[in-house]
Amino acid sequence: QVQLVESGGDLVQPGGSLRLSCAASGSIFRINVMNWYRQAPGKQRELVAKITGGGSTDYADSVKGRFTISRDNDKNTVYLQMNSLKPEDTAVYYCNIEYQRHYGGYLQSSWGQGTQVTVSS
C-alpha cells in the first residue's frame, strides 16, 4: 500500500501565498510523475501542475507564472508553491503520483485525500 499525506491548505487573502506538500510512503520503488490536481465546487477535477522524474514541469494556463511545482526525490515529496492567489484558486487540492512498486513493475496511480485552499478576503 502507498499513502499520500497532503498538508498546507488554509484560508488566505487574495494576493497571498501558500505552499502545499504531499509526502508519499509505503511500497515504492520509483515515482515517475507527480501531479497536483484541484476540484472546485460544482466543477470537474483539473490538472494544475505536473513534474516528471527528470524534473520537467508543466502547468495549467490559469496558474502559469504564479504556481511552482517541485519535488524532493529523497523524501518522496512533491510541493506546490502558490503565489498571487486569486479567489478562483479556491478548491480542494489533490496530489497524485504514478509509481512502480518494484523494478520493472507496471505503473500504478495513487491519490491523496485532498487539502482545502480558500482564497477570500
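Please refer to the structure placed before this passage.
What counts and how
- Residues numbered from 1 in each chain as written.
- Predicted model: local features only at pLDDT ≥ 70, side-chain atom pairs only at ≥ 80, totals over all residues.
- Heavy atoms only, no water.
- Disulfide = S-S within 2.5 Å.
- Helix = DSSP H or I, 4+ residues; strand = E, 2+ residues; numbered from the N terminus.
- Buried < 20%, exposed > 50% of the residue type's maximum accessible area, 1.4 Å probe, protein only.
- Contact = heavy atoms within 4.5 Å.
- Pairing = 2+ DSSP bridges.
- Phe/Tyr/Trp six-rings, centres within 6.5 Å; stacked < 30°, edge-to-face > 60°.
- Lys NZ or Arg CZ within 6 Å of the ring centre and 35° of its normal.

## Digging into the state of the cysteines
Counted under the stated rule, the structure contains one disulfide. What pairs with Cys22 in a disulfide is Cys95, and their sulfur atoms sit 1.9 Å apart. Placement of the pair is Cys22 in strand S3 (residues 18–26) and Cys95 in strand S9 (residues 91–100), with a sequence separation of 73 residues.

## What to know about the side chain of Arg66
Examined against the element boundaries, Arg66 turns out to sit in the loop between strand S6 (57–59) and strand S7 (67–72). Arg66 sits in the buried class, given a relative accessible area of 10%. With near-sequence residues (within four places) excluded, Arg66 lies in contact with Gln81, Met82, Asn83, Ser84, Leu85, Lys86 and Asp89.

## Thoughts on the pairing of S7
The two faces of S7 differ: Phe67, Ile69 and Arg71 on one face are buried, but Thr68, Ser70 and Asp72 on the other face are not. Here S7 pairs with strand S8 (residues 77–82) via six bridges, running antiparallel. Note that in S8 the partner of Arg71 across the bridge is Val78. Hairpin geometry of S7 and S8 is characterised by an intervening segment of four residues between the two adjacent antiparallel strands and by a positive phi of about 50° at Asn76.

## Comments concerning the packing of aromatic side chains
Note on aromatic pairs: each is described by the distance of the centres and the angle between the planes. According to the stated counting rule, one finds two aromatic pairs in the structure shown. For the ring pair Phe29 and Tyr103, a centre distance of 6.0 Å and an interplane angle of 85° mean the geometry is edge-to-face. A residue pair is termed long-range when its members are at least 10 positions apart, and Phe29 in the loop between S3 and strand S4 (30–39) and Tyr103 in the loop between S9 and strand S10 (108–111) qualify at 74 residues. Geometrically, the ring pair formed by Tyr37 and Trp111 is tilted, given 4.9 Å between the ring centres and 55° between the ring planes. Of this pair, Tyr37 sits in strand S4 while Trp111 sits in strand S10; the two residues are 74 residues apart in sequence, bridging distant segments of the chain. The cationic tip of Arg19 hangs over the ring face of Tyr79; the distance from NZ or CZ to the ring centre is 4.0 Å. In this arrangement the basic side chain of Arg45 is found over the ring face of Tyr94, its NZ or CZ atom lying 3.8 Å from the centre.

Don't take any of this as a statement about function, it's just geometry.
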